[in-house]
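Residue strings, one per chain:
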Amino acid sequence: MMAKAARAAAAWRTYREVTRSGSPKLMTRVRAIPRMIGSAMRGQYAGLGKGRLSLIGLGVVYLVSPIDVVPDFLALIGVADDFGVFLWLMASLLGESGRYVEHERRVITGRLAEQEG
């Protein structure tokens, strides 16, 4: 029961962050995910460390893998674990991609200020 509440709270926090005024919107965050992962893998974005990037990769592998910790034939429980991983993965990616978009904006603003100065 606590795990369900934690997943629901994480989804709510992500929704509030995405809809907050001045925050990067959903599609901006989604489009930034490949750039963010590439920058993190090249060491150009410190906000997403190798450990967290590895956990995200494991989450993706878990979702697409035919092997489950809790088999899907156990009706509700089997699907709930996949959904929990999906919610965690989306909350992590959308939250971090929002911070990455803001990072990109600061870098671009800094470069423009250097060119003007």
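What comes next concerns the included structure. Everything numeric in this text was worked out from a predicted model, so none of it was measured.

Focus: the overall build of the protein chain
Working step 1: Scanning the protein chain for helices and strands turns up 4 helices and 0 strands.
Working step 2: When the helices and strands of the protein chain are placed in sequence order, the string is α-α-α-α.
Working step 3: Long-range pairs, those at least 24 residues apart, make up 59% of the contacts in the protein chain with a sequence separation of at least 6.
Working step 4: Here the protein chain has roughly 7,900 Å² of accessible surface; of this, 69% comes from carbon and sulfur atoms.

Some words on the pattern of salt bridges
Working step 1: As enumerated under the stated definition, the model contains 5 salt bridges in all.
Working step 2: Two residues, arginine 29 and glutamate 17, come together in a salt bridge whose shortest N-O distance is 3.3 Å. With arginine 29 in helix H2 (residues 26-41) and glutamate 17 in helix H1 (residues 2-19), this pair connects stretches of sequence that are 12 residues apart.
Working step 3: What you see here is one network of salt bridges that share partners, running through Glu17, Arg29, Arg52, Glu96 and Arg99.

Notes on the environment of arginine 7
Working step 1: Among the secondary structure elements, arginine 7 is positioned in helix H1.
Working step 2: Exposure remark for arginine 7: the relative accessible area of 23% places this residue in the partly exposed category.
Working step 3: The spacing of arginine 7 and leucine 87 is 80 residues in sequence and 6.7 Å in space, taken between C-alpha atoms.
Working step 4: Those residues in contact with arginine 7 that sit more than four places away from it in its chain are Ala80, Gly84 and Leu87.

Observations concerning the packing of aromatic side chains
Working step 1: Applying the stated rule across the entire model yields 2 aromatic pairs.
Working step 2: Taking the centre distance of 4.9 Å and the plane angle of 80° together, the rings of tyrosine 45 and tyrosine 100 count as edge-to-face. Of the two residues, tyrosine 45 is situated in the loop between H2 and helix H3 (50-64) and tyrosine 100 in helix H4 (residues 75-116); the sequence distance between them amounts to 55 residues.
Working step 3: On the basis of relative accessibility, which here comes to 6%, the residue tyrosine 45 falls in the buried class.
Working step 4: Judged by relative accessible area, which is 5%, tyrosine 100 ranks as buried.

So, the nonpolar core
Working step 1: Judged by nonpolar contacts, Ala32, Ile33, Met36, Ala40, Tyr45, Leu48, Leu53, Ile56, Leu89, Leu93, Tyr100 and Val101 together constitute the single largest core of 12 residues.
Working step 2: Only H2, H3 and H4 provide two or more residues apiece to this core.
Working step 3: Contact partners of isoleucine 56, with chain neighbours within four places excluded, come to Leu48, Trp88, Leu89 and Leu93.

Here's the deal with H3
Working step 1: Relative to the 21 Å expected for 15 residues at 1.5 Å per residue, H3 spans 21 Å between its end C-alpha atoms, a close match to the ideal helical length.
Working step 2: Along H3, the residues classified as buried are Leu53, Ile56, Gly59 and Tyr62.

So, how was this worked out
- Residues numbered from 1 in each chain as written.
- Predicted model: local features only at pLDDT ≥ 70, side-chain atom pairs only at ≥ 80, totals over all residues.
- Heavy atoms only, no water.
- Helix = DSSP H or I, 4+ residues; strand = E, 2+ residues; numbered from the N terminus.
- Contact = heavy atoms within 4.5 Å.
- Areas by Shrake-Rupley, 256 points an atom, 1.4 Å probe, with all protein chains shown as cover.
- Salt bridge = Lys/Arg side-chain N within 4 Å of Asp/Glu carboxyl O.
- Buried < 20%, exposed > 50% of the residue type's maximum accessible area, 1.4 Å probe, protein only.
- Phe/Tyr/Trp six-rings, centres within 6.5 Å; stacked < 30°, edge-to-face > 60°.
- Core = buried A, V, L, I, M, F, W, Y, C linked by side-chain atoms within 4.5 Å.
- Expected span 1.5 Å × (residues − 1).

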